[in-house]
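# Survey of secondary and tertiary structure
The primary structure of each chain is shown beneath.
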Amino acid sequence: MLKNERHARILEHVSAKGGIDVGELSRLLDVSGATVRRDLQHLSGLNLIRRTHGGAVVGDVGLEAPLQHRAERRRPEKQAIARAAADLVPEGAVVGMTGGSTVTGIARLLAERGPVTIVTNAVNIAAELVLRKDVTLVVVGGYARAESYELVGPIAEKTLADHHTDITFMGVDGISAAHGCTTHDQLEAATDRAFTGSSGRTVVVADHSKVGKVTFAKICPLTDIDDLVTDGAAPADQLAGITETGVRVTTV
């Protein structure tokens, strides 16, 4: 198991249980206790967890893991979601893309497929696509968020107001029937709203762990989005409630 994947698994277990000890992590990850302790020390240095005697608990700043760690979580589900989402893009479309590991997967698929115009505020997506000869790339500027590699804030919102996209893929930290689409950061939420406002069709891509979840900052109500693409492990009651609002739900 690669180091980033171990770190992602540790963050997932600590987040789900509130805390965990070295022995349990060693058994779950099938690595030595010494390896687990080094991993915990690294994650503690990033303020993602707090070390305790014999283990770790949720960090004081919460658990919005940086993108490089989140990318390793539920990789097969995210890849399947990305493939289904990419199939929604018509030939010659102008495509908006927020940040997120699943949206990054869509970007890679579209770049391989042929000529496409992509408007994004995600610097990691821009870095991957800038040398692709079949991609016309528009990068939205703004304040850089280290956690998500996204450029957010008033500059980004103004740029998006001056552009139109045929379809936008939006990553979220939570989507629920009662509370709509949410994320961890207020500036990011406002920039995501600007993406939806400038797009003819908004598609939320979210694995099952985000369906039914609510986080701090509201992006938009479900009436502002058109589609949700998720995986088959998403809660059935939440999907039913989301569908009732008029959102087309695709499960993979």
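Residues numbered from 1 in each chain as written. Predicted model: local features only at pLDDT ≥ 70, side-chain atom pairs only at ≥ 80, totals over all residues. Heavy atoms only, no water.

Right, let's talk about the overall build of the chain for a bit. For the chain, the count of helices and strands is 10 helices and 15 strands. Relative to a compact globule of 252 residues, whose C-alpha radius of gyration would be 18 Å, the chain shows 18 Å and is just as compact. Structurally, the chain occupies a C-alpha span of about 55 × 40 × 30 Å along its principal axes. For the chain, buried positions account for 51% of its 252 residues. Considering only intrachain contacts with a sequence separation of at least 6, the fraction spanning at least 24 residues in the chain is 61%. Summed over all atoms, the accessible surface of the chain reaches about 11300 Å², with 51% contributed by carbon and sulfur. Treating the 27 positive side-chain charges of the chain as one cloud and the 31 negative ones as another, the clouds have centres 6 Å apart. (Helix = DSSP H or I, 4+ residues; strand = E, 2+ residues; numbered from the N terminus. Rg over C-alpha atoms; globule rule 2.2 N^0.38 Å. Buried < 20%, exposed > 50% of the residue type's maximum accessible area, 1.4 Å probe, protein only. Contact = heavy atoms within 4.5 Å. Areas by Shrake-Rupley, 256 points an atom, 1.4 Å probe, with all protein chains shown as cover. Lys, Arg positive; Asp, Glu negative; His and termini not counted. Charge placed at Lys NZ, Arg CZ, Asp CG, Glu CD.)

It is worth spelling out the sheet that holds strand S2 (residues 49-52) at this point. The sheet built from three strands is open, its strands ordered S1-S3-S2 with antiparallel pairing. Here the strands that pair on one side only, and so sit at the sheet edges, are strand S1 (19-21) and S2. Going from strand to strand, the sheet's axes swing by 20 degrees on average, the running direction of each strand aside. Examined bridge by bridge, S2 and strand S3 (residues 55-58) share four bridges and lie antiparallel to one another. Bridging across to S3, Arg-51 finds its partner in Ala-56. Strand contacts of helix H2 (residues 22-29): S1 and S3, with the helix running at about 80 degrees to S1, the strand carrying the most contacts. (Pairing = 2+ DSSP bridges. Axes fitted to C-alpha atoms, helices over the stretch in contact; angles between N-to-C directions.)

Read across the sheet, three strands follow the order S10-S11-S13 without closing on themselves; strand pairing throughout is antiparallel. Lying at the two open borders of the sheet, with one neighbouring strand each, are strand S10 (174-176) and strand S13 (217-220). Pairs of neighbouring strands in the sheet enclose a mean axial angle of 30 degrees, with direction left out of account. Docked against the sheet, helix H9 (residues 186-197) engages strand S11 (180-183) and S13, running at close to 5 degrees with respect to S13.

Turning next to unusual backbone geometry. Its identity is not glycine, yet Asp-30 carries a phi of approximately 60 degrees, on the positive side. Here Asp-30 shows up in the loop between H2 and helix H3 (33-45). Taking relative accessible area as the criterion, Asp-30 reaches 71% and is therefore assigned exposed. For Tyr-149, which is not glycine, the phi torsion reads 60 degrees and is therefore positive. Tracing the backbone through its elements, the reader meets Tyr-149 in the loop between strand S7 (143-145) and strand S8 (150-152).

In this fold, Val-247 is placed in the loop between helix H10 (236-244) and strand S15 (248-251). In this structure the C-alpha to C-alpha distance between Val-247 and Arg-132, which are 115 residues apart in sequence, comes to 33 Å. In this structure, Val-247 is in contact with Leu-222, Ile-225, Asp-226, Asp-227, Leu-228 and Ile-242, ignoring residues within four places of it in sequence.

The relative placement of two packed helices is expressed as an angle between their axes plus a distance between the axes. The geometry of helix H8 (residues 154-161) relative to H9 is characterised by a closest axis approach of 9 Å and an angle of 0 degrees between their N-to-C directions. Taken together, the axes of H8 and H9 are roughly parallel relative to one another. Contacts from Ala-156, Glu-157 and Leu-160 of H8 reach H9 at Ala-190, Thr-191, Ala-194 and Phe-195. Looking at the contact of H8 with H9, its residues break down into five nonpolar, one polar and one charged. (Parallel < 35°, antiparallel > 145°, perpendicular 65-115°, else oblique. Nonpolar A, V, L, I, M, F, W, Y, C, P; charged D, E, K, R; others polar.)

Moving on, we get to helix H5 (residues 75-86). An α-helix turns once every 3.6 residues. As a result, residues three or four positions apart point the same way. For H5, with 12 residues, the first-to-last C-alpha span of 16 Å sits near the 16 Å given by 1.5 Å per residue. Within H5 the residues assigned to the buried category are Lys-78, Ala-80, Ile-81, Ala-82, Ala-84, Ala-85 and Ala-86. (Expected span 1.5 Å × (residues − 1).)

A few words now on the state of the cysteines. For the coordinates displayed, the defined rule picks out zero disulfides. Cys-181 forms no disulfide, and the closest cysteine sulfur to it belongs to Cys-220, at a distance of 4.2 Å. Its relative accessible area of 0% is what places Cys-181 among the buried residues. (Disulfide = S-S within 2.5 Å.)

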